[in-house]
Amino acid sequence: MTIRINHILLPARDKDASARFLADILGCEVSDKSAGAPSGRFAVIRLDDGSTLDFAEMENVTPVHIAFEVTEDGFDAILNRLTANGVTYSADPRHRRQGEINANEGGRGLYFQDSDGHNFELLTKV
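The paragraphs below set out a description of the structure included in this document. (Residues numbered from 1 in each chain as written. Predicted model: local features only at pLDDT ≥ 70, side-chain atom pairs only at ≥ 80, totals over all residues. Heavy atoms only, no water.)

Brief notes about the pairing of strand S7 (residues 109-113)
Inference 1: Counted residue by residue, S7 has four buried out of five residues, so it is predominantly covered.
Inference 2: In this sheet, S7 lies alongside strand S6 (residues 89-90) in antiparallel orientation, the contact comprising two bridges. Across the sheet, residue tyrosine 89 finds its bridge partner in S7, namely phenylalanine 112.
Inference 3: Where S7 and strand S8 (residues 119-123) come together, five bridges link them in antiparallel fashion. Among the inter-strand pairings, phenylalanine 112 is bridged to a residue of S8, identified as phenylalanine 120.
Inference 4: Here S7 folds back onto S8 in antiparallel fashion, the turn holding five residues, of which glycine 117 has a positive phi close to 90°. (Buried < 20%, exposed > 50% of the residue type's maximum accessible area, 1.4 Å probe, protein only. Helix = DSSP H or I, 4+ residues; strand = E, 2+ residues; numbered from the N terminus. Pairing = 2+ DSSP bridges.)

If you want it as structure tokens, here you go:
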């Protein structure tokens, strides 16, 4: 049996702005098409494995944590986009070691947040 994630629903105060922010950092595109939903209901980012992050507009947002495994080259590209866009990143999930990356599990990692407080993690090795 194979189990994989199809999509993750992320609450956002402004679904389009939130999706654009993350898509710009990850180097992805934003769409308004989601499987099983009318066009425009979600702002959608499709990841390389085919899964999607579907941003839904909500007044009350409870932040979540999502970790993305990336290649070494992908990590460098994303770190460059974070820096170019003035996005604060940290080596730890509580953002105490700002401007640093970690070397957990023999790879590199960092954390950054969006305007809704979602805590995104990048790591090169699991």
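Back to the text.
Notes on the sheet that holds S7
Inference 1: Reading across from one edge, S5-S8-S7-S6 is the order of the four strands in this open sheet, with mixed pairing throughout. Lying at the two open borders of the sheet, with one neighbouring strand each, are strand S5 (65-69) and S6.
Inference 2: Where helix H1 (residues 15-26) meets the sheet, it contacts S5, S7 and S8, and its direction lies at approximately 155° from that of S7.
Inference 3: Contacting S6, S7 and S8, helix H2 (residues 72-84) runs over the sheet at an angle of about 35° to S7. (Contact = heavy atoms within 4.5 Å. Axes fitted to C-alpha atoms, helices over the stretch in contact; angles between N-to-C directions.)

Overview of the nonpolar core
Inference 1: By size, the foremost hydrophobic cluster in this structure holds 25 residues, and its most contacted members are Leu22, Leu53, Phe55, Phe68, Phe112 and Leu122.
Inference 2: At the level of elements, strand S1 (7-12), H1, strand S3 (43-46), strand S4 (52-57), S5, H2, S7 and S8 are the ones that each hand at least two residues to this core.
Inference 3: Counting residues per element, this core draws most heavily on H1, which supplies five residues.
Inference 4: Not counting the four nearest positions on each side in its chain, phenylalanine 55 is found in contact with Leu10, Ala12, Lys15, Ser18, Ala19, Leu22, Arg41, Phe42, Ala43 and Ile45. (Core = buried A, V, L, I, M, F, W, Y, C linked by side-chain atoms within 4.5 Å.)

Let's talk about the layout of surface pockets
Inference 1: By volume, the largest pocket amounts to about 470 Å³.
Inference 2: Lining of the largest pocket is provided by 20 residues; of these, Leu47, Asp48, Phe68, Glu69 and Val70 occupy positions nearest its centre.
Inference 3: Of all the secondary-structure elements, those providing two or more residues to the lining of the largest pocket are S5 and H2. (1 Å grid on protein atoms, 1.4 Å probe; cavity = no way out; pocket = protein on both sides within 12 Å on 5 of 7 lines; lining within 4 Å. Points joined across faces, edges and corners; volume = space filled by probe spheres on them.)

Regarding the environment of serine 31
Inference 1: Tracing the backbone shows serine 31 in strand S2 (residues 30-31).
Inference 2: Note: C-alpha distance between serine 31 and arginine 46 (15 residues apart in sequence) is 8.1 Å.
Inference 3: Sequence-distant contacts of serine 31, that is, excluding residues within four places in its chain, are made with Phe42, Ala43 and Val44.

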